[in-house]
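Here is what each chain is made of, one letter per residue.
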Amino acid sequence: MKGFFVKSMEKVDVKDFCLEELESFLGGMGKEKYRARQIFKWLYQKGAVSFDEMTNLSKEFRAELATRARISSLAPERTEVSADGTKKYLFMLENGLSVESVLIPDEERATLCVSTQVGCAMGCRFCLTGTFRLQRNLRCSEIVNQVCSVVKTERVTNIVLMGMGEPLANLDNVVRALKIMVSPDGFQISNRRVTVSTSGLVPEIARLGQAVTVNLAVSLNATTDEQRDVLMPVNRKYPLAELIEACRNFPLPNRRMITVEYVMIRGINDTLEDARRLVKLLKGIPSKINLIPFNEYEGSEYGTPEQASIDAFHRYLLDRNLTVITRASRGRDISAACGQLRAKLEKNN
Ligand code: SAH
Ligand code: SF4
């Protein structure tokens, strides 16, 4: 009984709601729908941290809100700046857990790489995050607060969900956060500038496409089921043919292409034979290929390919009229490479 009482008194975090959910929460308080848009603008455009700041709401309404709800925020515990301008932010959550975000400035763009889970359950063999197993999903508020915190001091033009975790394994919270990012009342980022990266959870790719319009990046990393089964255990459940079909059916924003990420690993998937199979696999899929030379880390069993193999692979794809970029590893000196953020986790908790 006591437990129930305490729980029922817990305040909801307004940053855990997408706009529709906030509308219905306010509806329960007898308030008009447009109030949700006003509150959203305060939270995501003006960076409000208390209801008191929301001066276009009556004093009574603000007071009532404060009794039922709260506004969470995250402040970086530590910020590291790489020689190439990449910035890494470490955010502490409760229970000693932490997540990282990385800001990658690049001429006219500034891309924020956001985390969606603490650790990751997918167990990809080449990935540092994978070795930490899954600690827990991030709440919607914890995903958007990474953005809230960075935009306070920096310009952010693009967002990629490519930090720690598998976004589609935390689909409901990720969809809420994506809606806030692209909402005209939220962060107002064009859906052409927001990308979700997945290791290939096929049913969730379809669900994501139904829920929100954003770009999709797929971590392919291999061109046969035999190879991919070893590198990415998710392939045993959703093999290549199913993944490619899911890409084919994904409703992208206008005139956009699927991003195909291909981590090149020495002696594993870096030959021209691999490149040939990749071309065949992607036939008919509007795609651009991101070649990512494997980033070595302490204890990694794999290595970065020879530069000559990377160049030859790149050229093979170009010569077949594919869009391809070889991604320079940014922020290496502060281990901020996107997709291999290191959580400062207790190994055995
Ligand atoms: N879980 C999602 C998003 C985070 S990983 C996914 O897998 O897509 C982001 C990217 O980093 C993925 O494309 C992944 O293949 C890549 N990556 C992981 N470890 C890497 C490493 N050691 N070197 C280079 N890229 C790596
Ligand atoms: Fe998880 Fe992505 Fe790393 Fe695989 S590559 S373990 S899905 S974070």
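Structural data are supplied above this passage.
Each chain carries its own residue numbering, running from 1 in the written order of its sequence. Chain labels run from A onward and ligand labels from 1 onward, assigned in the order the entries are written. Only residues with pLDDT of 70 or above have their local features reported here, since the model is predicted, and side-chain atom pairs are shown and tallied only from 80 upward, although totals for entire chains, interfaces and linings are computed over all residues. Hydrogens and water molecules were not included; the side-chain quantities draw on all heavy atoms of the structure.

K.L.:
In this structure, what is going on with the pairing of strand β9 (residues 158-161)? I would like to understand it.
P.N.:
Strand residues, when the strand is regular, have side chains that alternate between the two faces of the sheet. Residue exposure (1.4 Å probe, protein chains only): buried if accessible area is under 20% of the type maximum, exposed if over 50%, otherwise partly exposed. Each helix corresponds to a stretch of at least 4 residues labelled H or I by DSSP, and each strand to a stretch of at least 2 residues labelled E; elements are numbered beginning at the N terminus. Side chains of β9 alternate between two faces, with Asn 158 and Val 160 and Ile 159 and Leu 161 buried alike. As paired elements, strand β6 (residues 109-113) and β9 share 3 bridges and run parallel to each other. Residue pairing in the sheet places Cys 113 in a bridge with Val 160 of β9. Note on pairing: DSSP must find at least two bridges between two strands before they are called paired. Here 3 bridges tie β9 to strand β10 (residues 194-198), and the two strands are oriented parallel to one another. Paired with Ile 159 across the strands is Val 194, a residue of β10.

K.L.:
Honestly, the nonpolar core in this entry has me stumped. Any pointers?
P.N.:
The tendency in soluble globular proteins is for nonpolar side chains to be buried side by side. Only buried Ala, Val, Leu, Ile, Met, Phe, Trp, Tyr and Cys residues count toward a nonpolar core, and they belong to the same one when joined by side-chain atoms within 4.5 Å. The biggest cluster of nonpolar side chains holds 103 residues, and the ones touching the most others in it are Leu 178, Met 181 and Leu 208. Among the elements that line this core, the one with the most residues is helix α6 (residues 171-182), at 7 residues. A domain assignment, automatic or from a database, supplies the domain bounds used here. Composition of this core by domain shows at least three residues from each of domain 1 (12-70) and domain 2 (76-348). In contact with Leu 208, not counting residues within four places along its chain, are Leu 168, Leu 171, Val 175, Leu 178, Val 196, Val 214, Leu 216 and Phe 250. Among the nonpolar cores identified, the runner-up in size contains 6 residues, and Val 102, Val 160, Met 162 and Ala 217 belong to it. Throughout, a residue-residue contact means that at least one pair of heavy atoms, one from each residue, lies within 4.5 Å.

K.L.:
Looking at this structure, I do not really get the site of ligand 1. What am I missing?
P.N.:
Proximity is defined per residue: if any heavy atom of the residue lies within 4 Å of a molecule or strand, that residue is considered near it. Residues in contact with ligand 1 amount to 21 residues; listed here are only the nearest, Gly 165, Ser 197, Ser 219, Asn 221 and Asn 295. Any pair of N or O atoms that falls within 3.5 Å is considered a polar contact. Within protein, one atom must be able to donate a hydrogen and the other to accept it, and sequence-neighbouring residues count only if both atoms are side-chain atoms. Between a nitrogen atom of ligand 1 and a main-chain N or O atom of Phe 126, the distance comes to 3.3 Å. Between Ser 219 and ligand 1, the recorded distance is 2.6 Å, taken from a side-chain N or O atom to an oxygen atom. If ligand 1 stood free it would expose 540 Å²; the protein chains cover 96% of that surface. Within the residue set of the shell around ligand 1, elements represented by two or more residues are β10 and β12 (258-264). Residue-level accessible areas treat just the shown protein chains as cover; the underlying method is Shrake-Rupley with a 1.4 Å probe.

K.L.:
Looking at this structure, how should I read unusual backbone geometry?
P.N.:
Excluding glycine, residues mostly carry a negative phi; peptide bonds, for their part, are mostly trans. The phi dihedral of Glu 107 falls on the positive side, at around 50°, and the residue is not glycine. Positionally, Glu 107 belongs in the loop between β5 (98-106) and β6. What makes Glu 107 exposed here is its relative accessible area of 74%.

K.L.:
I would appreciate a short explanation of α6 in the present structure.
P.N.:
Since the α-helix packs 3.6 residues into each turn, any two residues three or four apart lie on the same face. Take the residue count of a helix, subtract one, and multiply by 1.5 Å to get its expected span. Its 12 residues give α6 an end-to-end C-alpha distance of 16 Å, which sits within 8% of 16 Å, the value for a rise of 1.5 Å per residue. Taken together, the buried residues of α6 touch α3 (34-44), α5 (140-151), β9, β10 and α7 (202-211).

K.L.:
Explain the sheet that holds β5 to me, please; I cannot follow it from the model alone.
P.N.:
Hydrogen bonds between backbone groups are what pair the strands of a sheet, and the pairing can be parallel or antiparallel. Spatial ordering of the open sheet is given by β3-β4-β5-β6-β9-β10-β11-β12-β13-β14, a layout of 10 strands whose pairing is mixed. Each edge of the open sheet is held by one strand with a lone partner, namely β3 (76-81) and β14 (323-326). Ignoring strand direction, the axes of neighbouring strands in this sheet form an average angle of 20°. Relative to β12, strand β11 (residues 215-219) runs parallel, the two sharing 3 bridges. Bridging across to β12, Val 218 finds its partner in Val 260. Fitted lines through C-alpha atoms give the axes, limited to the stretch in contact for helices. The angle between two N-to-C directions lies from 0 to 180 degrees.

K.L.:
So what exactly am I meant to see when it comes to the site of ligand 2 here?
P.N.:
Every residue lining ligand 2 is accounted for by Cys 120, Met 122, Cys 124, Cys 127, Gly 130, Gly 165, Glu 166 and Ser 199. Note that Gly is not counted as nonpolar here; it falls among the polar residues with everything else outside the nonpolar set of Ala, Val, Leu, Ile, Met, Phe, Trp, Tyr, Cys and Pro and the charged set of Asp, Glu, Lys and Arg. Residue composition of the shell around ligand 2, grouped by class: 4 nonpolar, 3 polar and 1 charged.

K.L.:
Teacher, can you tell me more about the packing of α6 against α7 here?
P.N.:
For any two helices packed against each other, the geometry is given by the interaxial angle and the distance between the axes. Direction vectors running N to C along α6 and α7 enclose 30°, while the axes themselves pass 11 Å from each other. The angle between α6 and α7 places the two elements in the roughly parallel class. Handedness of the crossing formed by α6 with α7: right-handed. Residue-level inspection shows Leu 171, Asp 172, Val 175, Leu 178 and Lys 179 of α6 in contact with α7, the latter providing Glu 204, Arg 207, Leu 208 and Ala 211. Across the contact of α6 with α7, the residue classes tally to 5 nonpolar, no polar and 4 charged. Any angle that falls under 35 degrees is termed roughly parallel, while one over 145 is termed roughly antiparallel, one within 65 to 115 roughly perpendicular, and all others oblique. In this scheme the handedness of a crossing depends on how the near helix is turned from the far one: anticlockwise by less than a right angle means left-handed, clockwise means right-handed.

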